[in-house]
Amino acid sequence: MASLPQVAVSLRRVLTAVPDALARETGFCRRRSKPTAAGFVQALVLGWLAAPQAPLAQLAQRAADAGVGIGPQGLAQRFGPAAADLLRRVWEAALAEVVAAEPAAAGLLARFPAVVLPDSTTVALPDGLATVWAGCGGRVAQGARAALKLTVGLDLVTGRLAAAPSDGRAQDKAGPLQHAPLPAGALRVTDLGFWSLAVLQEIADQGAYFLSRLHLQTAVFAAGERLDLAEWLGRQPRRRPSVAVALGVEARVAARLLAVRVPRRVAEARRATIRADAKREGEAPSAPKLALADWTLLVTNAPPDVLAIREALVLARARWQIELLFKPWKSGGGLDEWRSADPDRVLCEVYA
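Residues numbered from 1 in each chain as written. Predicted model: local features only at pLDDT ≥ 70, side-chain atom pairs only at ≥ 80, totals over all residues. Heavy atoms only, no water.

(A) Structural detail: the confidence of the model for the protein. Predicted confidence across the protein gives a mean pLDDT of 89, with 92% of residues reaching 70 or more. When pLDDT is averaged over each element of the protein, helix α7 (residues 197-205) comes out on top at 98 and helix α6 (residues 138-141) at the bottom at 47. (pLDDT = per-residue confidence, 0-100. Helix = DSSP H or I, 4+ residues; strand = E, 2+ residues; numbered from the N terminus.)

(B) How the structure looks around the nonpolar core. Core analysis: the largest hydrophobic core is formed by 69 residues, its most contacted members being F40, L44, F112, V115, L125 and L315. Looking at which element gives the most residues to this core, the answer is helix α5 (residues 81-96), with seven residues. With residues up to four places along the chain from it excluded, the contact list for L315 reads L108, L109, F112, V115, L187, V189, L211 and L307. (Core = buried A, V, L, I, M, F, W, Y, C linked by side-chain atoms within 4.5 Å. Buried < 20%, exposed > 50% of the residue type's maximum accessible area, 1.4 Å probe, protein only. Contact = heavy atoms within 4.5 Å.)

(C) Representation of the side chain of E311 in the model. Within the secondary structure, E311 is located in helix α11 (residues 309-317). Taking relative accessible area as the criterion, E311 reaches 13% and is therefore assigned buried. Engagement of the side chain of E311 in a polar contact is seen with the side chain of R111, the distance being 2.5 Å. Apart from residues lying up to four places away in sequence, E311 is in contact with L108, R111 and V306. (Polar contact = N/O pair within 3.5 Å; in protein donor to acceptor, adjacent residues only side chain to side chain.)

(D) Representation of the pairing of strand β3 (residues 161-167). Pairing of strand β2 (residues 146-155) with β3 involves seven bridges; the strand directions are antiparallel. Looking at β3, one finds that K149 is bridged to S166. As consecutive antiparallel partners, β2 and β3 are separated by five residues, and within that stretch G159 has a phi angle of approximately 85 degrees, a positive value. (Pairing = 2+ DSSP bridges.)

(E) Representation of the packing of helix α2 (residues 37-50) against α5 within the structure. Across the interface, α2 lies against α5 with an axial gap of 11 Å and an inter-helix angle of 75 degrees. Between α2 and α5, the angle falls in the class roughly perpendicular. Residues A37, F40, V41 and L44 of α2 touch α5, and the partners they reach there are A83, L86, L87 and V90. Of the residues that constitute the contact of α2 with α5, the class distribution is eight nonpolar, no polar and no charged. (Axes fitted to C-alpha atoms, helices over the stretch in contact; angles between N-to-C directions. Parallel < 35°, antiparallel > 145°, perpendicular 65-115°, else oblique. Nonpolar A, V, L, I, M, F, W, Y, C, P; charged D, E, K, R; others polar.)

(F) Spatial organisation of helix α9 (residues 264-280). Helix length check: α9 (17 residues) gives 24 Å between terminal C-alpha atoms against 24 Å at 1.5 Å per residue, within 8%. Within the span of α9, buried status applies to A267, R271, I274 and A278. Burial along α9 is one-sided: seen end-on, the buried residues are contained in an arc of 60 degrees. Seen from the open side of α9, the exposed residues pointing more than 90 degrees away from its buried face are R265 and K279. Considering only its buried residues, α9 is in contact with α10 (287-292). Positive phi appears at G282, one or two residues downstream of α9, with a value of about 70 degrees. (Expected span 1.5 Å × (residues − 1). Arc of directions from axis to C-beta.)

Right, dumping it as structure tokens:
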């Protein structure tokens, strides 16, 4: 089982041996100098971990704690492309560290060797970094020409975290973790941003399971006939019907459609959101989409004895665990805030 000593060993290597090994390769240190690469990395990482808004004077004190004597001005002079490259490479080394616990034995999770929740968060950056991480504007990046998207995959069974950066304008379904392999019997739980019939088939071909909300523009076939979902659901006497289906006109991915009727207040709130989104886009709300707001629609290739409808709902709601990860990164850690207008320093802050 992972323990604090194991975590300490990983962190010590990432914050000491790795930066010094990369010092010359990145151009951060071309000769013996102060601060050392390790001292510089420790000052920033540990300084901003303790106080996300720490000024240079406080970071210089953290450097002194690491045995490196350097003032705020000297520290400021080290920010640049080489420092950003060093911190990026150390970050990549940190992501490669595997820190995970033994599989959890709690009830539902015990059925799967892994239950992976992929998601992403976007950090808007100054326009000067558009050639490093390209943005595209839009609602998240607020018109920024530069943005960094961090895609993560959290395994609820072991706690293992995979993460990969990409341009802010990249779609989740084209992201770096979209095709990450799964062990046989594992379950991947995604939202519509990751929807891809080809990927769902990939997961099935690996002997693994998927669980996702249904993309309403996807053709759904049952017993060889295409379903009119709104009409079909309107005829169902049960509040939680399910049926074997094939997804896609050509793909025909085998799955189970799980439908759960929601309370009226939830349905009305969904319809209000649909109308507001359509108004913002200058379009009329889709009648079928408004009708289907009465239902939560999920698809999975897991058989009923592996994943019942009520259990699928539990795991679908578990995606909110990702928000418990992003919130301390942004609200607590200031990931999307910086204390300078200099692009290289901003990039150093984000990586640190």
